[in-house]
Amino acid sequence: MQRIGVFVCHCGTNIAATVDVSKVAEAAKHEPGVVYAVDYTFMCSEAGQNLIAQAIKDYGLTAIVVCSCSPRMHEATFRKVAEENGVNPYMVEIANIREQCSWVHKNMDEGTPKAITLMKTAVAKVNLDAPLQEGEAPVTKRALVIGGGIAGIQTALDIADCGYKVDIVEKEQTIGGRMAQLDKTFPTLDCSSCILTPRMTEVAQHPNIRLFTYSEVQEVSGFVGNFDVKILKKSRSVREKDCTGCGVCMTKCPSKKIPNEFNRGLNFRTAINIPFAQAIPNVPVIDKEHCIHFKTGKCGICAKVCPSHAVDYEIQDEVIEEKYGAIVVATGFDQIDLHKFGELGYGVSKDVISSLEYERIMSATGPTGGHIVRPSDGKEPKDIVFIQCVGSRCEPDDRRGKTYCSKICCMYTAKQSIMTCDHIPGAKCHVFYIDVRTPGKMFDEFYRRAVEQYGVDYIKGNVGKVTPLPNGKLRVHGVDLLDQKEVELDTDMVVLAGAIEPNPSIRPLATKLTLSIDNNNFLNEAHAKLHPVEAATAGVFMAGTVQGPKDIPETVAQAGAAAVKAVALLAKDKLKTNPCVAQPDELYCNGCSVCANVCPYGAITYIEKEVRDHGVRETRRLAQVNPSLCKGCGACTVACPSGAMNLKGFTNRQIMAEVDSVCQ
Amino acid sequence: MTPDEMKVRDYILKIYDGDVTKCMHCGKCSASCPAYGEMDIKPHQFPSYVAHGEIAALMDSKTIWECLGCSACVERCPRGVKPGKLIDGVRQAVIRQRGGSHLYPEQIPAMVDPETPQQLLVSVLRRERK
Amino acid sequence: MSVIERTASPEAMLEKDTLAYLGPAEAKKSEGEFVPKIVAFCCNWCSYAGADSAGNARASYPTNIKIIRVPCSGRVNPLFILRAFEKGADGVIICGCHPGDCHYTTGNYYTRRRMALLISMLDYIGVDKGRVEVDWVSASEGARFAEIMNKFADKIRTLGRNVRLEDIRCRN
């Protein structure tokens, strides 16, 4: 018989306000095996932990039930207390009387009986708990960073500087990501590429970093400390080690009318192309979809003109297999498709552009060499309208937009209006806003500067319609909600601050890594407050806008945090493995292979073993579980036709006991 | 709010069938409204007037008779507030208080010219009889 | 702080007193008003976290729903459900990750097929098949979790007491 201690937490008033905690503790003493029951204000506090430690000593406890918050919150804390005081950590059960009781029920009459039932259920389970031993698994001392934007770059550099090997996988042909497309950064007006390119070079030259550009993660298996990853390295048709990046091929390529993705389709590129001068690696890729050689078998000019004979049409895609200890996901964001906003003229007039397209127009490496001109006629605009919150802050059922605030638009709009006034003397900027949100260091000062020094005209109100006029201007029709009057502006250019969304590539990647994503495709953290860079899957971390909208400094800070978490994992020689794994009963197993067929991890194998059954000696085919591969999902336990398979920590008897207790 | 006003408000909200608290005061409805200039209380003000219980002011306003019922505001509202339906609700409340509760098909030929498309008449009847 | 130490033998303490600690909600049950017993199996990674999110958002659902944590919805043996009915449960709901989002890649697909089979067999033996439900709740869908629970509780209330499978020897 177990000697069980029941500890009921008040959690301040979080639990105590709707659950009579002393009654729960009192009821506990009637439960089989319970020798001690107590309630206390904060069980997770040091004093609370000492209380548990003392009780273990005084009453010789062999098992512990803590009635408190969700096990996802403090199970680890209480297991540690148990372990430190000589009780097996897996002899601890948590009754969730906060998230699933006191917070969802309104008064003591409702909360207390339910809390008592939950306590009884936990006691019923702990009565059948068995001490479990954690196994050990080695850690592969190499990290994988998925995404080569500023988040991925910073994470990789931080991990590499700690002395660990890092691989970066980037699906585009160069690292740099969105930050490489920006002109200046707010609120300091630093040149974006001037601060980014040194970091990119550092990545390329770092002895601990390997770069896989134009590559994608194809398959992930394994577990924390030991991930097996297959990386698809797509063929560039150019040998990286021979190419000098001279760019002669680009000037001679006859296929010149392909929309340039790096410049958001504002100009054209050739079929063999390097997106921008500072690209890392500075090696072109042949776009097979548009290359004349790949379409017709003719041409071949680039191969002929290449001075270092680096072009090779025969290079095939390659699959690289590597083991990693930790994975950081940093796949970043994209801007939503604005074609759905027909009333604002996007896709109707060439002079209505997205804010990211405007960044390219302002950038010195952009299609216009940094001269702000109208895409339609190449004339310099004298009057520009910025429209904010396009597709942000919409209701959940809205078919066009996102529910969240994209966070960065207020600031980059202020920046773009300031930069416009700097580029074009005498230019007039108007900003239609709903709210100006500027929480951040020097952010509000920056916005005030736009208004006070540059005379940017901020108008509270959304725009109803943008109509192209025959004279080439755009008529913007809106209202000024503060003055209660109609506003009609004839302007030269309209810039839409479209919402940002996670890069679409996260969806299939999340499935491969079994990550949990929210309704907007942002990654879910293991805990929103306490584990902000850890994914729910152990060994996977996140950095940057894949987690939620954020600006560059926040992204860099988060990248550092993710790097430290990854390094903390890599620094360990051995990892403790989850002991809650499947276990077959030799006497029941008939070797039918059903369990092996449902196992997603290939953890079940079969052995021939001699067994004695009712005095008869015979050789049988028996299932065997590899505890370092088994993750404890329990699929095999249900599939087994003879009931031979069980899951430690969640045994059939335990769950039955819980069911009985709940139904009492 | 007097009990009578509360009754009227409930009646309006029943016809409206939406949620005024969803409004974030962006003004897209007013900016999209072709009759904005003629209105005294603007479309974007309707949700907060209803929320604050200023029903009498709404019922006396010119707006409810100027609204063309084009539903541009309903279509474009990013929060799904449907200001047009709210204006509709107030107009219905006023009409029914005056006793002329419905528009009957036999009254229509006298009111419109033969050029009016059939589809418009059908949709107006559907909308106004709610 | 109140400390209760055990003095009498466990057997002696077991039977009595328990009713004294039951609040009015449970007392109502003994008076005859039908409060269904509902068991919810929630997978550790999505639905159990979703139930926690419901708590964080203070989205309420009836007290008669009690959650049992399992590592994966694929761990739920149909026998557990039959056991619940035997013990007097009026409804059982199984919640897992959305299809494609299973933490263990494929567990919820097995659940889906298994439970479809179980539900059709319940129909065969005359238990209303509405008493077992399978739904998907992700970790961020707290409001949805509460909504599903409220709907299910309402449904079970209209279905009434489950007597078809109940083992009367298990009745209190």
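Residues numbered from 1 in each chain as written. Chains lettered and ligands numbered in written order. Predicted model: local features only at pLDDT ≥ 70, side-chain atom pairs only at ≥ 80, totals over all residues.

Concerning the overall build of chain B
Here comes step 1: In terms of helices and strands, chain B carries nine helices and zero strands.
Here comes step 2: The order of α-helices and β-strands along chain B, N terminus first, is α-α-α-α-α-α-α-α-α.
Here comes step 3: Every one of the 130 residues in chain B was classed for burial, and the buried ones make up 38%.
Here comes step 4: For chain B, contacts bridging at least 24 residues in sequence account for 68% of all contacts bridging at least 6. (Helix = DSSP H or I, 4+ residues; strand = E, 2+ residues; numbered from the N terminus. Buried ≥ 20, exposed ≤ 12 C-beta atoms within 10 Å, placed from the backbone. Contact = placed C-beta atoms within 7 Å.)

Some remarks on the overall build of chain A
Here comes step 1: Summing up its helical and strand segments, chain A has 18 helices and 36 strands in all.
Here comes step 2: Considered along the principal axes of its C-alpha atoms, chain A spans approximately 95 × 65 × 40 Å.
Here comes step 3: Buried positions account for 52% of the 664 residues belonging to chain A.
Here comes step 4: When contacts within chain A are restricted to residue pairs at least 6 apart in sequence, those whose partners lie at least 24 apart make up 71%.

A few points about the sheet that holds strand β11 (residues 215-223) of chain A
All names here are of chain A.
Here comes step 1: Here three strands make up an open sheet; going across it, the order is β11-β12-β17 and the pairing antiparallel. With one partner strand each, in any of the chains shown, β11 and β17 (318-324) form the two edges of the open sheet. Going from strand to strand, the sheet's axes swing by 20 degrees on average, the running direction of each strand aside.
Here comes step 2: In this structure, strand β12 (residues 226-233) lies alongside β17, joined through seven bridges in antiparallel fashion. Bridge assignment links V229 to a residue of β17, and that residue is E322. (Pairing = 2+ DSSP bridges. Axes fitted to C-alpha atoms, helices over the stretch in contact; angles between N-to-C directions.)

Section: the interface of chain C and chain A
How big an interface is tends to be stated in terms of accessible area lost as the parts join.
Here comes step 1: If you look at the interface, chain C gives 60 residues, while chain A gives 60 residues.
Here comes step 2: Of all the secondary-structure elements, those providing two or more residues to the side of chain C that touches chain A are β1 (3-5), α1 (10-14), α2 (24-31), α3 (47-56), β3 (65-70), α4 (78-86) and α5 (107-125) of chain C.
Here comes step 3: Looking at the side of chain C that touches chain A, the element that brings in the most residues is α3 of chain C, giving six residues.
Here comes step 4: A class-by-class count of the residues in the side of chain C that touches chain A yields 29 nonpolar, 18 polar and 13 charged. (Nonpolar A, V, L, I, M, F, W, Y, C, P; charged D, E, K, R; others polar.)

Re the interface of chain B and chain A
Here comes step 1: Listed by partner, the interface residues are 17 residues for chain B and 20 residues for chain A.
Here comes step 2: If one sorts the elements of the side of chain B that touches chain A by residue count, helix α2 (residues 28-32) of chain B sits on top with four residues.
Here comes step 3: Here the residues of the side of chain B that touches chain A are counted per class, giving five nonpolar, seven polar and five charged.

Section: helix α7 (residues 83-98) of chain B
Residues and elements named next belong to chain B.
Here comes step 1: With 16 residues, α7 should reach 22 Å at 1.5 Å per residue; the first-to-last C-alpha distance of 23 Å fits that figure.
Here comes step 2: Turning to α7, its buried residues are P83, G84, K85, L86, I87, D88, G89, V90, R91, Q92 and A93.
Here comes step 3: Turning to α7, the residues buried within the fold contact α1 (3-16), α2, α3 (46-51), α4 (55-60), α5 (63-66) and α6 (72-76). (Expected span 1.5 Å × (residues − 1).)

Focus on the packing of helix α5 (residues 108-127) of chain A against helix α18 (residues 652-663) of chain A
All names here are of chain A.
Here comes step 1: Contact pair α5 / α18: the axes reach a minimum separation of 8 Å and the direction vectors enclose 155 degrees. Judged by the inter-axis angle, α5 sits roughly antiparallel to α18. The handedness of the crossing between α5 and α18 comes out as right-handed. Of α18, the residues touching α5 (which contributes T117, K120, T121, A124 and K125) are Q654, A657, E658, D660, S661 and V662. (Parallel < 35°, antiparallel > 145°, perpendicular 65-115°, else oblique. Left-handed = near helix turned anticlockwise from the far one by under 90°.)

Focus on the packing of α1 of chain B against α7 of chain B
All names here are of chain B.
Here comes step 1: The geometry of α1 relative to α7 is characterised by a closest axis approach of 8 Å and an angle of 130 degrees between their N-to-C directions. Taken together, α1 and α7 sit at an angle that is classed as oblique. Note that α1 runs across α7; the crossing there is right-handed. Seen from α1, the contacting residues are V8, Y11, I12, I15 and Y16; seen from α7, they are K85, L86, D88, G89, V90, Q92 and A93.
Here comes step 2: Residues belonging to the contact of α1 with α7 are distributed by class as follows: eight nonpolar, two polar and two charged.

Quick word on helix α1 (residues 21-28) of chain A
Here comes step 1: Of all eight residues making up α1 of chain A, six are buried, and the element is well covered by its neighbours.
Here comes step 2: Of all the positions in α1 of chain A, only V21, K23, V24, A25, A27 and A28 of chain A are classed as buried.

Examining the nonpolar core
Residues and elements named next belong to chain A.
Here comes step 1: Counting residues in each nonpolar core, the largest one holds 188 residues, and the members touching the most others are V6, I64, C67, M119 and V328.
Here comes step 2: With near-sequence residues (within four places) excluded, M119 lies in contact with V6, V24, A27, A28, V65, C67 and A95.
Here comes step 3: Counting 63 residues, the second largest nonpolar core, distinct from the first, contains F333, V390, F432 and V456. (Core = buried A, V, L, I, M, F, W, Y, C linked by C-beta atoms within 7 Å.)

Remarks on the arrangement of the chains
Here comes step 1: There are two pairs of chains in contact here, and the one with the most contacts is chains A and C.
Here comes step 2: Looking at chain B next to chain C, you find no contact at all, with the nearest C-alpha pair sitting 17 Å apart.

Some remarks on the sheet that holds strand β23 (residues 457-460) of chain A
All names here are of chain A.
Here comes step 1: Spatial ordering of the open sheet is given by β20-β27-β21-β22-β23, a layout of five strands whose pairing is parallel. Every other strand in the sheet has two partners, leaving β20 (352-354) and β23 as the edge strands with one partner each. Neighbour-to-neighbour, the strand axes of the sheet open up by a mean angle of 25 degrees, direction not taken into account.
Here comes step 2: In this sheet, strand β27 (residues 493-498) lies alongside strand β21 (residues 383-390) in parallel orientation, the contact comprising five bridges. Opposite I387, over in β27, you have L496 as the bridge partner.
Here comes step 3: Packing of helix α12 (residues 409-423) onto the sheet brings it into contact with β21, β22 (428-433) and β27, and relative to β21 it is tilted by some 175 degrees.

Description of the confidence of the model for chain B
Here comes step 1: Averaged over all residues, the pLDDT of chain B is 84; the fraction at 70 or higher stands at 82%.
Here comes step 2: Across the assembled chains, the prediction reports ipTM 0.83 with pTM 0.80. (pLDDT = per-residue confidence, 0-100.)

Points about the pairing of strand β3 (residues 63-68) of chain A
Residues and elements named next belong to chain A.
Here comes step 1: Across the six residues of β3, six count as buried, placing the element largely inside the fold.
Here comes step 2: Of the two faces of β3, the one holding A63, V65 and C67 and the one holding I64, V66 and S68 are both buried throughout.
Here comes step 3: Relative to strand β4 (residues 92-96), β3 is paired through five bridges, and the arrangement is parallel. Bridged to V65 within β4 is E93.

Concerning unusual backbone geometry
Note: most peptide bonds trans; most residues except glycine with negative phi.
Here comes step 1: Note that the residue after F186 of chain A, namely P187 of chain A, is joined by a cis bond; omega there is -10 degrees.
Here comes step 2: Inspection of the secondary structure assignment puts P187 of chain A in the loop between β8 (184-185) and β9 (190-191).
Here comes step 3: I280 of chain A connects to P281 of chain A through a cis peptide bond whose omega is -5 degrees.
Here comes step 4: Structurally, P281 of chain A is set in the loop between β15 (272-273) and β16 (285-286).
Here comes step 5: Despite not being glycine, N521 of chain A has its phi angle at roughly 75 degrees, a positive value.
Here comes step 6: Of note, T105 of chain C is a non-glycine position whose phi angle comes to about 70 degrees, a positive value.
Here comes step 7: Along the polypeptide, T105 of chain C turns up in the loop between β4 (91-96) and α5.
Here comes step 8: The class for T105 of chain C is partly exposed, based on 19 C-beta atoms found within 10 Å.

Some points on the confidence of the model for chain A
Low pLDDT marks regions whose predicted coordinates should not be analysed in detail.
Here comes step 1: When pLDDT is averaged along chain A, the result is 94; 100% of the residues meet or exceed 70.
Here comes step 2: When pLDDT is averaged over each helix and strand of chain A, the minimum, 83, is found for strand β29 (residues 525-527) of chain A and the maximum, 98, for strand β6 (residues 142-146) of chain A.

Remarks on the environment of N56 of chain C
Here comes step 1: In this structure, N56 of chain C sits in helix α3.
Here comes step 2: Considered as a pair, N56 of chain C and A143 of chain C are 87 residues apart in the sequence and their alpha carbons are 9.9 Å apart.
Here comes step 3: When near neighbours in sequence (up to four residues on either side) are disregarded, N56 of chain C contacts E99 of chain A together with G142 of chain C.

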